[in-house]
Amino acid sequence: SSGAHVPVLVIGTGYGGSVAALRLTQAGVDVHMVEMGMAWDTPGTDGKIFANTKTPDYRSYWLRTRTKQPLSNFLGFPIDKDVPRYTGILDAEDFSGITVYQGRGVGGGSLVNGGMAVTPRRENFGAILPTVNPDEMYNTYYPRANAGLGVNNIDQSWWETVDCYQYSRVGRKHAQRSGFPFVFVPNVYDMQYMKQESAGSVPKSAVDGELLYGNNYGKKTLPKTYLAQAKATGRLAISPLHKVTSVQRDGASYTVVIEQINTTGDTVATKVVTADRVFFAAGSVGTSKLLTKLKANGALPGLNGEVGKGWGDNGNVMCGRANHLWDPTGAVQSSIPTAGIDNWAAGGAFAEVAPLPTGIETFASFYLSITKNPNRAEFSWNASADRVDLNWQTAWKQPAIDMAKSIFDKINAKEGTIYRTDLFGVYKTWGDHLTYHPLGGVVLNKATDNYGRLHGYSGLYVIDGALIPGNTSVNPFVTITALAERNIDKIIATDF
Ligand code: FDA
């Protein structure tokens, strides 16, 4: 409530925030988390907490009146539809040259993501986080993150035969016929549960196409892992539907302004609390926007010139391929991806063999590529519009497209197939308008010290994807979690 004082306030409940909350509460510190999204613990009008991907509704989008589906078209026809404005789970946040998809709610991105839990190859780590000791990461913090997240592997003999991974087996066949390494990747989805879903003995989630708007069963999200453990200490409080708008120094502590919102996004109360320490864990975009604004508007004028810089899209680009009639990908596709094509060393691309869970046979293979796109953007405060802008340009995706083509041009040539041009518009091959993997903006050892302490303000920390300079070579949340584990270890040992 307004006027309260807390020892530690954490802004955001995604990976970075959840690691901070668990390790601090275990160390005996009381933690209060503030989350702008909903709690997602109560069933909606249909008896389920989350909406299905095939039937988006009021729960699906953050304060939009029309859906903004990543695949906007099918057979060239637009598939978006009107929905009531609501504090839904997936934010499609528009900047000038890119739409950044993010999870909103207690659990952050863990609520909406595909659960792919990938530790980068060690030889790539130096390019990902150049000032972090790889021995510590690979011996201690990556294993700790994998354990905390509940990462598991699919039973490959089951994968070889089950209908819902036919799309993935077609992906393997085409990769291998063109000489590309095909690799299985771990996931946080409970693979035993998926077996039971597939056998029809438990309610379906992944096998019924649930993804993007939440999984009603099976996925080990942060509220089931890190946050559940933190709550069990009795030292954690979480305020959903509360958005932090300002942080300012006040003697030895910080004054934090928080707006409470209702489910249509209107502010219903403004609260002012004080905190000895504040952890920014609002995600790459959320943390960067807040700190860029607070530096510019005089609330935290001593932040250094690196704040807002070094933002990247993890090189994300999507595409589909049209298969021959003898290569159907299946009417039933598990929404949980299990594998990728690794052409990072030779071509700068790691392509996830992704599902297209439409419920009908599409003869399409669909891929989300992560590429070594070197372009980086910057956030800036736009005082007249009262918002933070990002200067990314759509044309900056061209290197990503070229790297993805190093895989798919070759596969198309070998198979005698073509790209699908009906998934992102009419005659549009590349999904180059979006990212699922925002990274950077408050880069480690630049805007902060080498452990996330913000320069100029003792007691202020960044502990989320904003620290990572734009690329992780694979899907990012395991690296975000492991880096947070490393940083909080140091911070608890030396600052508390
Ligand atoms: P994260 O975004 O998780 O959490 C930030 C939280 O802060 C959010 O809950 C937000 O609402 C809240 N917040 C923001 N501003 C606030 C404010 N001012 N006040 C209060 N709260 C605020 N990654 C991966 O490794 N494997 C995968 O398979 C996928 N798949 C995938 C699919 C889709 C559709 C998306 C959108 C993303 C993925 N990702 C992924 C990416 C992954 O989910 C992402 O990298 C992490 O969630 C980022 O973790 P952070 O802790 O940085 O922030």
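Residues numbered from 1 in each chain as written. Predicted model: local features only at pLDDT ≥ 70, side-chain atom pairs only at ≥ 80, totals over all residues. Heavy atoms only, no water.

1. Describing the overall build of the chain
Right, on to step 1. Along its length, the chain carries 11 helices and 22 strands.
Right, on to step 2. Against the globule reference of 23 Å for 496 residues, the chain gives a C-alpha radius of gyration of 22 Å, in line with a compact fold.
Right, on to step 3. For the chain, with 496 residues in total, the buried portion stands at 60%.
Right, on to step 4. Excluding contacts between residues fewer than 6 apart, the proportion of contacts in the chain whose partners are at least 24 apart in sequence is 72%.
Right, on to step 5. Carbon together with sulfur atoms contributes 52% to the accessible area of the chain, which is approximately 17800 Å² in total.
Right, on to step 6. Looking at charge distribution, the chain has the averaged site of its 46 positive side-chain charges lying 2 Å from that of its 43 negative ones. (Helix = DSSP H or I, 4+ residues; strand = E, 2+ residues; numbered from the N terminus. Rg over C-alpha atoms; globule rule 2.2 N^0.38 Å. Buried < 20%, exposed > 50% of the residue type's maximum accessible area, 1.4 Å probe, protein only. Contact = heavy atoms within 4.5 Å. Areas by Shrake-Rupley, 256 points an atom, 1.4 Å probe, with all protein chains shown as cover. Lys, Arg positive; Asp, Glu negative; His and termini not counted. Charge placed at Lys NZ, Arg CZ, Asp CG, Glu CD.)

2. A look at empty space enclosed by the protein
Right, on to step 1. Overall, the coordinates contain 1 cavity of 30 Å³ or more when judged by the stated rule.
Right, on to step 2. Here the largest cavity defines a volume of roughly 30 Å³.
Right, on to step 3. If you go around the largest cavity, the residues you meet are Tyr 167, Thr 329, Gln 333, Val 353, Ala 354, Pro 355, Leu 356, Ala 364, Ser 365 and Phe 366.
Right, on to step 4. In terms of residue count, the dominant contributor to the lining of the largest cavity is strand β16 (residues 364-371) (3 residues).
Right, on to step 5. Across the lining of the largest cavity, the residue classes break down as 7 nonpolar, 3 polar and no charged. (1 Å grid on protein atoms, 1.4 Å probe; cavity = no way out; pocket = protein on both sides within 12 Å on 5 of 7 lines; lining within 4 Å. Points joined across faces, edges and corners; volume = space filled by probe spheres on them. Nonpolar A, V, L, I, M, F, W, Y, C, P; charged D, E, K, R; others polar.)

3. Notes on the side chain of Asn 382
Right, on to step 1. Checked against the element boundaries, Asn 382 lands in strand β17 (residues 379-382).
Right, on to step 2. When its relative accessible area of 18% is taken as the criterion, Asn 382 is described as buried.
Right, on to step 3. Engagement of the side chain of Asn 382 in a polar contact is seen with the backbone nitrogen of Ala 385, the distance being 3.1 Å.
Right, on to step 4. Non-local contacts of Asn 382, meaning those with residues more than four positions away in its chain, are made with Arg 387 and Asp 389. (Polar contact = N/O pair within 3.5 Å; in protein donor to acceptor, adjacent residues only side chain to side chain.)

4. Details of the pattern of salt bridges
Oppositely charged side chains can form a pair if their charged atoms are brought close together.
Right, on to step 1. A complete count under the given rule lists 26 salt bridges for this structure.
Right, on to step 2. In this structure, Arg 177 and Glu 415 form a salt bridge, with 2.8 Å as the shortest nitrogen-oxygen distance. Of the two residues, Arg 177 is situated in helix α5 (residues 166-177) and Glu 415 in helix α10 (residues 398-415); the sequence distance between them amounts to 238 residues.
Right, on to step 3. The partly exposed category is assigned to Arg 177, whose relative accessible area is 44%.
Right, on to step 4. Residue classification places Glu 415 among the buried residues on the basis of a relative accessible area of 11%.
Right, on to step 5. Look at the salt bridges and you will find they share partners, linking Asp 91, Glu 93, Arg 104 and Lys 289 into a network. (Salt bridge = Lys/Arg side-chain N within 4 Å of Asp/Glu carboxyl O.)

5. Notes on the site of the ligand
Right, on to step 1. Taken together, 36 residues lie near the ligand, and Glu 35, Gly 109, Met 116, Gly 465 and Phe 477 sit nearest.
Right, on to step 2. One of the side-chain nitrogen or oxygen atoms of Glu 35 is found 2.7 Å away from an oxygen atom of the ligand.
Right, on to step 3. For the ligand, whose accessible area on its own is 1000 Å², the fraction buried by protein is 95%.
Right, on to step 4. Mapped onto the shell around the ligand, the elements with two or more residues apiece are α1 (15-26), β6 (99-103), β9 (242-250), α8 (283-296) and α11 (477-495). (Near = heavy atom within 4 Å.)

6. A closer look at unusual backbone geometry
Right, on to step 1. One non-glycine residue, Leu 75, lies in the positive phi region at around 50 degrees.
Right, on to step 2. Along the chain, the position of Leu 75 falls in the loop between β3 (73-74) and β4 (77-78).
Right, on to step 3. Owing to a relative accessible area of 56%, Leu 75 belongs among the exposed residues under this scheme.
Right, on to step 4. Even without a glycine there, the phi angle at Asp 386 is positive, about 60 degrees.

7. Description of the pairing of strand β2 (residues 31-34)
Right, on to step 1. Pairing analysis gives 4 bridges linking strand β1 (residues 5-11) to β2, with the strands arranged parallel. What sits directly across from Ile 11, in β2, is Val 34. (Pairing = 2+ DSSP bridges.)

8. Some words on the nonpolar core
Right, on to step 1. In terms of nonpolar packing, the biggest core is built from 72 residues, with Leu 9, Val 247, Val 278, Phe 279 and Phe 280 touching the most fellow members.
Right, on to step 2. Core analysis: the next-biggest nonpolar cluster, separate from the first, contains 34 residues, Ile 154, Tyr 167, Ala 349 and Ala 351 among them. (Core = buried A, V, L, I, M, F, W, Y, C linked by side-chain atoms within 4.5 Å.)

9. Looking at the sheet that holds strand β5 (residues 90-94)
Each strand in a sheet pairs with its neighbour through backbone hydrogen bonds, running either in the same direction (parallel) or in the opposite one (antiparallel).
Right, on to step 1. Reading across from one edge, β5-β6-β20 is the order of the 3 strands in this open sheet, with mixed pairing throughout. On the outer flanks of this sheet lie β5 and β20 (434-435), each paired with one strand and no other.
Right, on to step 2. Sheet topology note: the β5/β6 ladder contains 5 bridges and is antiparallel. In the strand pairing of β6, Glu 93 is matched with Val 100.

10. Quick notes on the pairing of β9
Right, on to step 1. Pairing geometry for β9 and strand β10 (residues 253-261), over 8 bridges, is antiparallel. Pairing of Lys 243 across the sheet is with Glu 259, part of β10.
Right, on to step 2. Hairpin remark: β9 followed by β10, antiparallel, with 2 residues in the connecting loop; positive phi at Gly 251, about 65 degrees.

11. Examining the layout of surface pockets
Right, on to step 1. Taken as a whole, the second largest pocket spans an internal volume of roughly 330 Å³.
Right, on to step 2. Lining the second largest pocket we find 19 residues, and of these Ala 39, Trp 40, Asp 41, Thr 221 and Pro 223 sit closest to its centre.
Right, on to step 3. It is helix α7 (residues 226-232) that provides the largest number of residues to the lining of the second largest pocket, a total of 3 residues.
Right, on to step 4. A per-class count over the lining of the second largest pocket returns 11 nonpolar, 4 polar and 4 charged.

12. Re the packing of aromatic side chains
Right, on to step 1. In the structure shown here, the tally under the stated rule is 21 aromatic pairs.
Right, on to step 2. Ring geometry for Tyr 138 and Tyr 142: centres 4.8 Å apart, planes at 50 degrees, overall tilted. Taken together, the residues span about one helical turn, with Tyr 138 and Tyr 142 both in helix α3 (residues 134-149) at a distance of 4 residues. For the pair Tyr 138 and Tyr 142, one class covers both residues: buried.
Right, on to step 3. Measuring from ring centre to ring centre gives 6.1 Å for Trp 159 and Phe 182, while their planes differ by 45 degrees; the resulting arrangement is tilted. Separated by 23 residues along the polypeptide, Trp 159 in helix α4 (residues 156-159) and Phe 182 in strand β7 (residues 182-184) bring together distant segments of the chain. Accessibility classification places Trp 159 together with Phe 182 in one group, the buried group. (Phe/Tyr/Trp six-rings, centres within 6.5 Å; stacked < 30°, edge-to-face > 60°.)

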